[in-house]
Amino acid sequence: MGRRHWIDELADKIASELEKRGKKDFYVFNGGLSVSGLQHIGRLRGEIILGEAIRRILEQRGYRIKQLLTLYTQDAWKGKKGQIEAFPGGGGDRYKGWPLIKVPDPYGCHANWVEHFWSDFGPYISEFTDGNIEIVDTTTMYKTIFKPFVRETIQKRSLVREIVNKYRGRNPYPENWIPFEPICERCGRIDKTKTLSYDPKTDTVEYVCRACGYKGTRSIEKGKLNWRIEWTGVWKVLRVDFEPYGKDHAAPGGSRDSCKELAEKAYNFHSPLGEWYEWVSIRIRRGQVSDMSSSGFVGITPKQWLEVAHPHILRFLYLSTHPHRKIVVDISRIPQYYEEYYRAERVYFGLEDAGEDTEYLKRTYELSHPDSPPEKPPSQPPYTHVALLAQNLPSKRKFEIAVERLKRTGHIGELDDYSKAWLAGLLEKTVRWVELYMPQLKYKVPEEPPEQAYSQIQDPERLYRLADALEEIPSWDEQTIKQTLIEFGRDLDSQERKTLYRDFYLALLGKPSGPRAAPLLAVLEKDFVVKRLKRPSTQTG
């Protein structure tokens, strides 16, 4: 028997712990994001997809679960380099310390900073999940359900300070500390205000701003709690039972431990169950790997991912990898990601055996679907092949011609509705992938190469012989074409081989280089290729 999937083991553990805590009408799963900038795909991994996958497993076992995603919109805008540079006309420095929700949209197309950067993430969550996730935000919470918790915190501030200071090291809060940070009425900052007193009759605080010197009074609706206390408060007011968290919170004696102690010793409730997860990195130019970062504006958004790949592929990548292991997303490797997914698909439908990995791959494939897997094996058009094919299709009848070509080359059979939708998506996504990230694969086959290109061909007779060899191929597919090219070039020295391929691209594309020869030829018509490669010899003759 093969290895069991980690997600099922984690679901067992969570179910067992929930049972020990006692039955509830429904359980609450939560994730948390601060909309500090670019909302990248790394944020889908732990805060959304991990919780959603476990929720769906437990729902199948009869549990009722509400899944939430909390946006921390009252957090102070830190004015990091990437945030400031988001303002194309400059002037971003003036918003340093403002609540995120109050910072204007740098591009003027949304009501504020949060709405702008959420627009490439929030509307696409349902593409990557079953869509049963409710979004809440701390700005609204402070005006409604959070107010009793703020009052309780101020009332218990001595005990709260004692616990928080255990984790503050050399910088403890003083005895007169009131853990509430109002928004300064004059300068708009939330990170430099100090609360002096609290009036329970009016639910207001008296404060002084250390940035501009202003003294005033503010409602507890217009501010925020210290971040550790706020996190604990989110758990309490939303009645959270399970919440994944990033590795930065996972260290013993770290931030999550401090919030756990606050929950249990100051506020008298069980902290939620949790599971930590590693960051998602991205491979960028020149092979460098960087952790995706919201405020640093490193990464790509869910919207950008969907331009070039199906959501299933990212889910497969995330759910095939234990959350404690790092993932590096490499956009240039999307074709390989598709091949890994296709292999799991074949295993799932019993078309291929993966030995001890069989059950694991079947489970990962099943989980990779935002809804449910297809009922029968779908077609598996190779990503790179479609990328090359799609570039050379006419705009009219594009889909129909693609189907004809792919059937002729044996890449697909008869298409059901699922396979049609998958291929239609690929035709658009692969072209976008080439345009945005893989210019070396971009090509255009002109109706006739310019005369200048023909004049640069050095050995038209060798091209003619290559055309003869290709004409004899019984099956016009990439592998057979590749083998024919290898055999043809076997007796050539390196310079002759270089000349051959330069002539080949000049005759075919009108320029001395292009995408790899075999994949390129496989998406073109055989008769067209043969005629095109023979033409230089005819002209020079």
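These lines cover the structure that appears in this document, whether it is placed above or below. Source: prediction; values computed, not measured.

### Section: the sheet that holds strand β11 (residues 280–283)
Judged by pairing direction, the sheet is mixed, and its three strands sit side by side in the order β12-β11-β13 without closing on themselves. Each edge of the sheet is formed by a strand with only one pairing partner; in this case those strands are β12 (289–291) and β13 (327–329). On average, adjacent strands in this sheet sit at an angle of 35° to one another, irrespective of strand direction. Relative to β13, β11 runs parallel, the two being bridged by three bridges. What sits directly across from V280, in β13, is I327.

### Some thoughts on the nonpolar core
Counting 125 residues, the largest nonpolar core has I54, L58, W305, I334, W433 and L470 as the members making the most contacts within it. Sequence-distant contacts of I54, that is, excluding residues within four places in its chain, are made with I7, L10, A11, I14, F29 and F242. By size, the runner-up hydrophobic cluster in this structure holds 34 residues, among which are Y72, V150, I154 and I178.

### Examining helix α2 (residues 42–60)
With 19 residues, α2 ought to run about 27 Å at 1.5 Å a step, and its terminal C-alpha atoms sit 27 Å apart, in line with that. The largest bend in α2 comes to about 35°, at I49. The positive-phi residue at the C-terminal boundary of α2 is G62, with phi of around 105°.

### Details of the environment of F242
When you line up the elements, F242 lands in strand β9 (residues 242–246). The spatial distance from the C-alpha of F242 to the C-alpha of L18 is 9.0 Å, given a sequence separation of 224 residues.

### Considerations on the side chain of S258
Looking at the secondary structure, you find S258 in helix α10 (residues 255–266). Only 2.6 Å separates the side chain of S258 from the backbone oxygen of S255, close enough to count as a polar contact. The contact partners of S258, leaving out residues within four places of it in the chain, are I163, Y167 and R228.

### Let's talk about the packing of aromatic side chains
Per the counting criterion, the structure on display carries 32 aromatic pairs. Their ring planes at 85° and their centres at 5.0 Å tell us that Y348 and F349 sit as a pair that is edge-to-face. Taken together, F316, Y338, Y341, Y342, Y348, F349, Y365, Y383, Y418, W422 and W433 form an aromatic cluster joined through their ring pairs. A cation over a ring is seen here: R3 above Y360, with NZ or CZ 3.8 Å from the ring centre.

### Some points on the sheet that holds strand β7 (residues 215–219)
Read across the sheet, three strands follow the order β5-β6-β7 without closing on themselves; strand pairing throughout is antiparallel. Since the sheet does not close on itself, it has two edges, and those belong to β5 (193–199) and β7, each with one partner. Pairs of neighbouring strands in the sheet enclose a mean axial angle of 30°, with direction left out of account. Relative to strand β6 (residues 204–209), β5 runs antiparallel, the two sharing six bridges. If you follow T195 over to β6, its bridge partner there is Y207.

### Some words on unusual backbone geometry
Positive phi values are uncommon outside glycine, yet D203 reaches one of about 55°. Mapping D203 onto the fold places it in the loop between β5 and β6.

### Details of a positive patch on the surface
On the surface, a cluster of positive charge is made up of K96, K192, K194 and R210. Among the secondary structure elements, K96 is positioned in the loop between α3 (81–85) and α4 (113–118).

### Re helix α8 (residues 157–165)
Those residues of α8 lying buried are V160, R161, I163, V164 and N165. Residues of α8 that are buried make contact with α7 (147–155), α9 (227–238) and α10.

### Description of the side chain of D330
Turning to its location among the elements, D330 is positioned in the loop between β13 and α13 (334–348). A polar contact of 3.2 Å, which involves the side chain of D330, links it to the side chain of R283. Excluding its chain neighbours within four sequence positions, the residues that come into contact with D330 are R283 and Y337.

Reading the values: rules and limits
- Residues numbered from 1 in each chain as written.
- Predicted model: local features only at pLDDT ≥ 70, side-chain atom pairs only at ≥ 80, totals over all residues.
- Heavy atoms only, no water.
- Pairing = 2+ DSSP bridges.
- Helix = DSSP H or I, 4+ residues; strand = E, 2+ residues; numbered from the N terminus.
- Axes fitted to C-alpha atoms, helices over the stretch in contact; angles between N-to-C directions.
- Core = buried A, V, L, I, M, F, W, Y, C linked by side-chain atoms within 4.5 Å.
- Buried < 20%, exposed > 50% of the residue type's maximum accessible area, 1.4 Å probe, protein only.
- Contact = heavy atoms within 4.5 Å.
- Expected span 1.5 Å × (residues − 1).
- Bend = angle between axes of the 7 residues up to and from the residue.
- Polar contact = N/O pair within 3.5 Å; in protein donor to acceptor, adjacent residues only side chain to side chain.
- Phe/Tyr/Trp six-rings, centres within 6.5 Å; stacked < 30°, edge-to-face > 60°.
- Lys NZ or Arg CZ within 6 Å of the ring centre and 35° of its normal.
- Patch = residues over 30% accessible without salt bridge, like charges linked within 9 Å, V, L, I, M, F, W, Y side chains within 5 Å.
- Areas by Shrake-Rupley, 256 points an atom, 1.4 Å probe, with all protein chains shown as cover.
- Salt bridge = Lys/Arg side-chain N within 4 Å of Asp/Glu carboxyl O.
- Lys, Arg positive; Asp, Glu negative; His and termini not counted.
- Charge placed at Lys NZ, Arg CZ, Asp CG, Glu CD.

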